[in-house]
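Chain by chain, the residues:
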Amino acid sequence: MTRDDMKKMAAEAALEYVEAGSVVGVGTGSTANHFIDALAGIKHRIDGAVASSEATAERLRSHGILVMDLNEVVELPVYVDGADESNRYLQLIKGGGGALTREKIVAAASRTFVCVADDSKLVDILGAFPLPIEVIPMARSYVAREIVKLGGQPVLREGFTTDNGNIILDVHNMQIMEPAKLETALNQIAGVVTNGLFANRPADVLLLGGEDGVTKLT
Ligand code: 5RP
């Protein structure tokens, strides 16, 4: 079984969290894409979806799923998205695809955050995956210097602009012992839009695809 098969299994298992007649929050990335494809099979049962990126909106529309503006939606019972890493407390690193800010907004606005991934994403300590930080372009050098003071090595994601018109700094060599504290500290740096730690609002459910099927962590 490939990693992609495992992602697909986890994504399909998330369908059980989708409530009839609701609007569904949808994440970004290859695992979220599997979820979108599965969601298409039950599209007649939902009112529409809120997308966490332009790419996700496009894929949802290609399946004939109505994409709604978050501002039009009163209730978002479920948000389904992938992750780059998760610890056992369901605190995540996200943003490998650069959609972290919109992902964090939609996750925050949702009642239940269902994270879907293959089981290689489960780690003891977050930080082996470089932590993405979305930054206002004029603040790039200043933010990079502040990150170095916090012990990280920021690397500009070359040739990449977020859906919000900003840049991404990927921070290497961080062993993140206190994810919630670091998430808050990074967001205090002027020029940071947000960072890819989802620790103050972790996932509620983690569905991990593996050789033996899907494991659920809560
Ligand atoms: C995009 C993300 C993705 O959820 C994360 O990068 C995981 O991607 P994939 O499902 O392709 O492994 O945070 O910004």
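Scope of this entry: the structure provided in the associated data block. Keep in mind that what you see is a predicted model, and the values were worked out from it rather than measured. (Residues numbered from 1 in each chain as written. Predicted model: local features only at pLDDT ≥ 70, side-chain atom pairs only at ≥ 80, totals over all residues. Heavy atoms only, no water.)

Considering the site of the ligand
In the vicinity of the ligand there are 17 residues, among which Ser 30, Thr 31, Asp 84, Gly 95 and Lys 121 approach most closely. At 2.8 Å, a side-chain N or O of Lys 94 approaches an oxygen atom of the ligand. At a separation of 2.8 Å, an oxygen atom of the ligand approaches a polar backbone atom of Gly 95. Surface burial for the ligand is 91%, taken as the share of its 380 Å² of free accessible area covered by protein chains. Partitioned by chemical class, the residues of the shell around the ligand number 2 nonpolar, 9 polar and 6 charged. (Near = heavy atom within 4 Å. Polar contact = N/O pair within 3.5 Å; in protein donor to acceptor, adjacent residues only side chain to side chain. Areas by Shrake-Rupley, 256 points an atom, 1.4 Å probe, with all protein chains shown as cover. Nonpolar A, V, L, I, M, F, W, Y, C, P; charged D, E, K, R; others polar.)

Thoughts on the packing of aromatic side chains
Counted under the stated rule, the structure contains 2 aromatic pairs. Between Tyr 79 and Phe 113, the ring centres sit 5.1 Å apart and the planes meet at 50°, which makes this aromatic pair tilted. One end of the pair, Tyr 79, is in strand β3 (residues 78-81); the other, Phe 113, is in strand β6 (residues 112-118), with 34 residues separating them in the sequence. Its relative accessible area of 0% is what places Tyr 79 among the buried residues. Accessibility expressed as a relative area gives 0% for Phe 113, which makes it buried. One aromatic cluster is present, formed by Tyr 79, Phe 113 and Phe 198 through successive ring pairs. Above the ring of Phe 198, the side-chain terminus of Lys 94 is found at 5.7 Å from the ring centroid. The ring of Phe 198 has Lys 104 sitting right over it, with the charged end atom 5.1 Å from the ring centre. (Phe/Tyr/Trp six-rings, centres within 6.5 Å; stacked < 30°, edge-to-face > 60°. Helix = DSSP H or I, 4+ residues; strand = E, 2+ residues; numbered from the N terminus. Buried < 20%, exposed > 50% of the residue type's maximum accessible area, 1.4 Å probe, protein only. Lys NZ or Arg CZ within 6 Å of the ring centre and 35° of its normal.)

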